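The chain contents come next:
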Amino acid sequence: MIRKEVSPVWVPGPLIIGAGPSGLAVSACLKKRGVPSLILEKDDCLASLWKLKTYDRLRLHLPKMFCELPYMNFPSDFPAYPTKQQFISYLEDYAKRFSIEPMFGHEVRWAKYDRSLGLWEVEANESKFLCRWIIVATGENAVPVVPEIASMSNFGGRLMHTSVYKNGADFRGSKVLVVGSGNSGMEVSLDLCNSGAQVSLVVRDKLHILPREIFGISTFALSMRLLKWFPVCLVDRFLLLCSRMILGDTGKIGIKRPEFGPFHLKNTTGKTPVLDVGAVAKIRSREVKVVCGIRRFTAKGVEFVNGEVHDFDSVILATGYRTNVTSWLKDGNFFSQKDGYPKNPFPNNWKGEDGMYSVGFTRRGLFGASFDAQRVAEDIARQWKSQTKHLHLDLIGY
């Protein structure tokens, strides 16, 4: 069947890809500066990761003051760590306040820069768009990561990624193996344990676990204050001392710490420390059992790298997400083909060439996305206002 050629739609302002927090933030920042924009979103709702792919007990890991988008505070009656549903309602209110109306159900197939026109061409579903500026706001967590483990297809039990896990109600009394020991793995293990499941947690690598609060103050907030006055090495030592006082020696419960401190690792590798919300106590009481890495799956469970074989009713992969930018962006200069992040690290990650921008690829969560949004909007607004005459194209016969 011959595909009918579609006339492209001219977008006078920036074209934003993704209607999550990053896309909403940069759209609002542009609007505050008098620059119109259009958001394309592949799903049928805004903040689809939060709405469709997160578990029920999820809360913001950082205090709300560090998670606010530009120009709008959280409601005063929200707790310090808002729930998933509270955050979703905040994003919906944010979109209403700034009259942001994304085009839902438009998944970008490809985007490329046409040097002869000096414009970006973007195809999404059956539509084509032309624009001078393109802003990638699809986020760091676009696609679930499913590791390749030997004989995984032979497992006869329930196998799922945390992107489809909601709560532990259906796992009561069953033996569950959680693969992955980041924030999601720890929280899902805690949720399963509280729901009456028999939980084992795979911890392959060394990692830092910190208490969410120290002396009643957010660990993150306290760290930000200290880093203004002291070098990273001293702040890391302080955090590890406090962590040992509050959580004890995690090495004794099977979780060894890296040689370098948590903020040193965050700055050099982007690896985020786990903020404990109760999982360590469950591990210490052996209600959650720490196990080593998996060698292969069996029909009824797994064989671990130490040779032990155990049966499990379910296996939940808390193995994180990755970006999907390189699958559709036909430009190899700005984003790395290796990890899907901008090649230039934060704080120089937000601007590429030929009108290419990114928001939310900082490895610094919502705080980093807001930082990007302001800088991107300021830069585009300067170009927008400096034009004495905006570009107009006659697309007839294009």
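The preceding data block contains the structure.
This write-up is about the structure you can find in this document. (Residues numbered from 1 in each chain as written. Predicted model: local features only at pLDDT ≥ 70, side-chain atom pairs only at ≥ 80, totals over all residues. Heavy atoms only, no water.)

**Brief notes about helix α5 (residues 219–227)**
Within α5, burial applies to T219, F220, A221, L222, S223 and L226. Turning to α5, the residues buried within the fold contact β13 (209–211), β14 (213–214), β15 (217–218), α6 (232–247) and α7 (262–269). With a side-chain oxygen lying 3.3 Å from the backbone nitrogen of F220, the N-terminal cap of α5 falls on S218. (Buried < 20%, exposed > 50% of the residue type's maximum accessible area, 1.4 Å probe, protein only. Helix = DSSP H or I, 4+ residues; strand = E, 2+ residues; numbered from the N terminus. Contact = heavy atoms within 4.5 Å. Polar contact = N/O pair within 3.5 Å; in protein donor to acceptor, adjacent residues only side chain to side chain.)

**Details of helix α4 (residues 183–194)**
The first and last C-alpha atoms of α4 sit 17 Å apart over 12 residues, in line with the 16 Å expected at 1.5 Å per residue. Burial within α4 is extensive, with 10 of its 12 residues counted as buried. Those residues of α4 not exposed but buried are N183, G185, M186, E187, V188, S189, L190, D191, L192 and C193. Within two residues after α4, G196 carries a phi angle of roughly 95°, on the positive side. (Expected span 1.5 Å × (residues − 1).)

**A short note on the side chain of H106**
Relative to the assigned elements, H106 resides in the loop between β4 (103–104) and β5 (108–114). Discounting residues that sit within four places of it in the chain, H106 has contacts with L40, E41, K42, A124, N125, S127 and F129.

**Description of the sheet that holds strand β20 (residues 309–311)**
Within the open sheet, the three strands sit side by side as β18-β19-β20. Their pairing is antiparallel. This sheet does not close on itself; its edge strands, each paired only once, are β18 (294–297) and β20. Put simply, the sheet's adjacent strands are angled 25° from each other on average, direction ignored. Bridging between β18 and strand β19 (residues 301–304) involves three bridges; their strand directions are antiparallel. Bridge pairing links F297 to V302 in β19. (Pairing = 2+ DSSP bridges. Axes fitted to C-alpha atoms, helices over the stretch in contact; angles between N-to-C directions.)

**Observations concerning the nonpolar core**
Y94, I135 and L192 are the most contacted members of the largest nonpolar core, which totals 68 residues. If you list the elements that add at least two residues to this core, you get α1 (21–32), α3 (84–97), β11 (175–179), α4, β12 (198–202), α8 (279–284) and α9 (365–386). Here this core takes seven residues from α9, the largest share from any one element. In this structure, I17, C131, L329 and M356 belong to the second largest nonpolar core, which totals 22 residues. (Core = buried A, V, L, I, M, F, W, Y, C linked by side-chain atoms within 4.5 Å.)

**Some points on a nonpolar patch on the surface**
Taken together, the side chains of W229, F230 and L234 define a hydrophobic patch exposed on the protein surface, amounting to about 390 Å² of accessible area. Position of F230 among the secondary structure elements: in the loop between α5 and α6. (Patch = residues over 30% accessible without salt bridge, like charges linked within 9 Å, V, L, I, M, F, W, Y side chains within 5 Å. Areas by Shrake-Rupley, 256 points an atom, 1.4 Å probe, with all protein chains shown as cover. Salt bridge = Lys/Arg side-chain N within 4 Å of Asp/Glu carboxyl O.)

**Some words on the state of the cysteines**
What the rule picks out here adds up to zero disulfides. Unpaired in terms of disulfides, C67 finds its nearest cysteine sulfur in C29, a separation of 16 Å. Taking the relative accessible area as the measure of exposure, C67 reaches 5% and is therefore buried. (Disulfide = S-S within 2.5 Å.)

**Describing the pattern of salt bridges**
The full count for this structure, using the stated rule, is 13 salt bridges. Across the pair E287 and K282 runs a salt bridge whose closest N-O atoms are separated by 3.5 Å. Using a relative accessible area of 18% as the deciding quantity, one classes K282 as buried. In this structure, D379 and R382 form a salt bridge, with 3.1 Å as the shortest nitrogen-oxygen distance. Separated by three residues within a single helix, D379 and R382 lie in helix α9, roughly one turn from each other. Through salt bridges with shared partners, a single ionic network connects R109, E123 and E126.

**Things to note about the packing of aromatic side chains**
With the rule as written, the count across this model stands at 18 aromatic pairs. Centre to centre, the rings of W133 and W384 are 6.2 Å apart; their planes meet at 50°, and the pair counts as tilted. With a gap of 251 residues between them, W133 in the loop between β7 (127–131) and β8 (134–136) and W384 in helix α9 connect regions that are remote in the sequence. Both rings, one in F304 and one in F312, keep their centres 6.4 Å apart while their planes meet at 90°; by these two values the pair is edge-to-face. The class of F304 is buried, set by a relative accessible area of 2%. Owing to a relative accessible area of 7%, F312 belongs among the buried residues under this scheme. Looking at R158, its charged tip hangs above the ring of F171, at a distance of 4.1 Å from the centre. Note that R212 overlies the ring of Y81, its terminal NZ or CZ placed 3.9 Å from the centroid. (Phe/Tyr/Trp six-rings, centres within 6.5 Å; stacked < 30°, edge-to-face > 60°. Lys NZ or Arg CZ within 6 Å of the ring centre and 35° of its normal.)

**Some remarks on the packing of α1 against α3**
Running from N to C, α1 and α3 point in directions that differ by 30°, and their axes come no closer than 10 Å. As judged from the angle between their axes, α1 and α3 are roughly parallel. By crossing handedness, the relation of α1 to α3 is classed as left-handed. Here P21, L24, A25 and A28 of α1 lie close against α3, whose contacting residues are F87, L91, Y94 and A95. (Parallel < 35°, antiparallel > 145°, perpendicular 65-115°, else oblique. Left-handed = near helix turned anticlockwise from the far one by under 90°.)

**Considerations on unusual backbone geometry**
Note on backbone geometry: most residues besides glycine have negative phi, and most peptide bonds are trans. In this structure, P347 follows F346 across a cis peptide bond, with omega equal to 10°. As for its position among the elements, P347 is in the loop between β22 (321–322) and β23 (356–358). With a phi angle near 75°, Y71 is a residue other than glycine that sits in the positive phi range. Classification of Y71 as partly exposed rests on a relative accessible area of 36%. One non-glycine residue, N125, adopts positive backbone phi at about 55°. By the secondary structure assignment, N125 is in the loop between β6 (119–124) and β7.

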